[in-house]
Amino acid sequence: MLISYNWLKDYLGEGLPPVEEVVELLTFHAFEIEGTEEIDGDTQIEVNVLPDRASSCLSHRGIALELAVLLNKKMLDDPLKEEVKFPTYDGFYIEIEDKDDCSRFMLGLMEGVKVGPSPDWLKQRLETLGQRSINNIVDATNYVMYGLGQPMHVYDADIFSKKDGKWSFVVRKAKANEIITLLPEKAGGEDREIELKGTELLVVNKENNKAVALAGIKGGTYAGLHKGTTNIILEAANFNSTLTRRTARNLNILTDASKRFENEVSNTLPPYTMRAIVKLIKEIAGGEFMGMADKYLAPQVLPEVLVRPTRVNQVLGLSLEESFMENVLVRLGAKIDKKEKGWLVTAPKDRVDLVIEENYIDEIGRIYGLANIISIAPEKLPLAEINSNYYYSDKIRSILVSLGFSEIITTSFRDKDQIHLQNALASDKEYIRSSILPELEKALSLNVQNIDVLGLREVKLFEIGTVFIKDDGRAVEHTVLTIGGRIKKTGYSPKDDLIVNEAIKVLKETGFVIEQSAKQGVCEINLTELIYNMPTPDKYEESTPLPNITYQTFSIYPAIVRDIAMWAPEDTAVEEIEKILRENVGELCVRITLFDEFTKDGRTSYAFRLVFQSHEKTLTDAEIDPYMDKIYKVVKEVGFEVR
């Protein structure tokens, strides 16, 4: 989110430190700062507000209050401090079909306004935030939203038709195939017509049942402002955060309004926003405020939370004074009721994120300064219990690794399987796996293609993971062991089964009762059932230190493989031949592997596989042939016979 430094000054006055100190304060106590930029006498600060604080801090007032808390200073001007009193206006009718979709819907009427250009100061503020000025009324709604975090919308009252002498608004779900025409995404752009699925939330004109806004996301073209507009209807509402987010992403319409609503702004904000925009419009566009109507179906109730000083210090690993903790809670604007074990705390109206004790502990910790907390290694505690699943899984893992198997971790999601996920990550990840075999087979096929580059004769993989099976309509969870082997790049070979069965044989000899055997080079074993029947371990085995391994960057380009076989005297050491090859094969040879050896009639045949690969390009035969010609020549010169 982009913030204007000068705008923050309106809230904090001379108590606001220089930009550099503001950046440092926010960085070490609240948010990441992406950068700053000087813009026409102002400084633009890019603040990365994370979701846990977005409900109150996607606004200048929210950031200013954050700084006031950190600086232990009072706000020079806090728009949420004084309660709002407005005359009611009976010319509105408001109907909300479901209070869970819209907890509050407020309307206000202004007459005699004059639409025109915004004053220079307002244009400058918006430009600092990367926004283009449209007109004084629209700019006012944006300004108030960036100031207080509550989105607004404006209608031309003379275009908006009435029912029974009243402007009648309905907030309801869309109907399947219903059409709404939205305002252009940018000034001067084209209107956008959207066909709805029936899950979206709409603001509707009851008189003609016409959708006038995509609730919480974007206004429609219906009753839009124009140069001749004189009477306007102001809308400030609170829409369901989950519904807003889902609709915005389904339609790919992400707006500043939807970002705020999807992060659950407080539904106490509309009156304060209405007061702010009425004051601003009177200042820059004239007019008179006639009154408002407020449909408030679900008044906000923030919980009383017991915050215990002993618990705060226990979680943070500190020894903070109770007076400091209490001072922090007061600075946050919370109401405190002192109790024997701590404080009963109620959050300020805009902090809907403070609902459990840990939320307040987090606030106290970050305001104290997480960088001030010294890391201490935890004390070694006596072992409470032995986890059989972990013990035996780790034992199987160690055995298979010692046999040359590599452990893999594959995705748990599928495009089709037994159990469907309610909130899928993507259309091809709507189901959760009932078996690991498909992913293991895919991993075998992919890795066997690089068998030469890896210097292996076979690829041996295993995975220990969780699968989910439907049993009598219920999802049952199992831990399974899946083992697989591959020798040929072209696919399954009967020798693949030998790899897997040899591993199973070793596991059986270690005490695991396994009935399964390999089929098509793979095997899946139910570990939950297997481990249940194993003796309960009384202690964990000592871990073996891992060898030092140096990792290096791999090439993304394909390799070229050449084989060379030769007869050599029976007493010739293989290391001697490898040395000759290494010295003459060139820098592009990344691996030399002996893959065949036999002795006959006083001579030994050695067959080597040479792998050539570049980090910069795909090699050609023409580039490798000279190296091979040199090798053939050298091999003959030392007295070996090329086969």
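What counts as what
Residues numbered from 1 in each chain as written. Predicted model: local features only at pLDDT ≥ 70, side-chain atom pairs only at ≥ 80, totals over all residues. Heavy atoms only, no water. Pairing = 2+ DSSP bridges. Helix = DSSP H or I, 4+ residues; strand = E, 2+ residues; numbered from the N terminus. Buried < 20%, exposed > 50% of the residue type's maximum accessible area, 1.4 Å probe, protein only. Arc of directions from axis to C-beta. Contact = heavy atoms within 4.5 Å. Core = buried A, V, L, I, M, F, W, Y, C linked by side-chain atoms within 4.5 Å. Axes fitted to C-alpha atoms, helices over the stretch in contact; angles between N-to-C directions.

## Overview of the sheet that holds strand β19 (residues 413–414)
- With respect to topology, three strands assemble into an open sheet ordered β19-β21-β20, the strand pairing being antiparallel. What marks the edges here is a single partner per strand, and that holds for β19 and β20 (419–420).
- Of the pairings in the sheet, the one linking β19 to strand β21 (residues 431–432) comprises two bridges and is antiparallel in character. Directly across from Arg-414, in β21, lies its bridge partner Tyr-431.

## Re helix α18 (residues 574–584)
- Buried residues of α18: Val-574, Ile-577, Ile-580, Leu-581 and Asn-584, and no others. Each buried residue of α18 sits inside an arc of 125° when the element is viewed along its axis, so together they form one side. Counted as exposed and oriented over 90 degrees from the buried face of α18: Glu-575, Lys-579 and Glu-583.
- On the buried face of α18, the contacting elements are β25 (560–569), β26 (589–600), β27 (603–612) and α19 (621–637).
- Following α18 by one or two positions, Gly-586 has its phi on the positive side, about 95°.

## Section: the environment of Lys-114
- Structurally, Lys-114 is set in the loop between β5 (102–111) and α5 (120–128).
- On the accessibility criterion, Lys-114 (64% relative accessible area) is exposed.
- A sequence separation of 22 residues divides Lys-114 from Asn-136, and the C-alpha atoms of the two residues are 8.6 Å apart.
- Those residues in contact with Lys-114 that lie beyond four places of it in its chain are Asn-136 and Ala-285.

## Description of the nonpolar core
- Ile-63, Leu-67, Leu-234 and Ile-281 are the most contacted members of the largest nonpolar core, which has 77 residues in total.
- With residues near it in sequence (within four places) discarded, Ile-63 still touches Met-1, Ile-3, Leu-8, Leu-26, Phe-31, Val-47, Val-49 and Cys-57.
- Core analysis: the second largest hydrophobic core is formed by 31 residues, Leu-80, Ile-96, Ala-213 and Ala-293 among them.

## What to know about the side chain of Thr-482
- Note on placement: Thr-482 falls in strand β23 (residues 474–486).
- By relative accessible area, which is 0% here, Thr-482 ends up buried.

## Comments concerning the sheet that holds strand β28 (residues 641–642)
- Strand order in the open sheet formed by four strands is β26-β27-β25-β28, with antiparallel pairing between adjacent strands. Edge positions in the sheet fall to β26 and β28, since each has one partner strand and no second.
- The pairing of β25 with β28 spans two bridges and is antiparallel. Its bridge partner being in β28, Met-566 is matched across the sheet by Val-642.
- In this fold α18 packs onto β25, β26 and β27, with an angle of close to 35° to the strand it touches most, β27.
- Relative to the sheet, α19 contacts β25, β27 and β28, its axis offset from that of β25 by approximately 5°.

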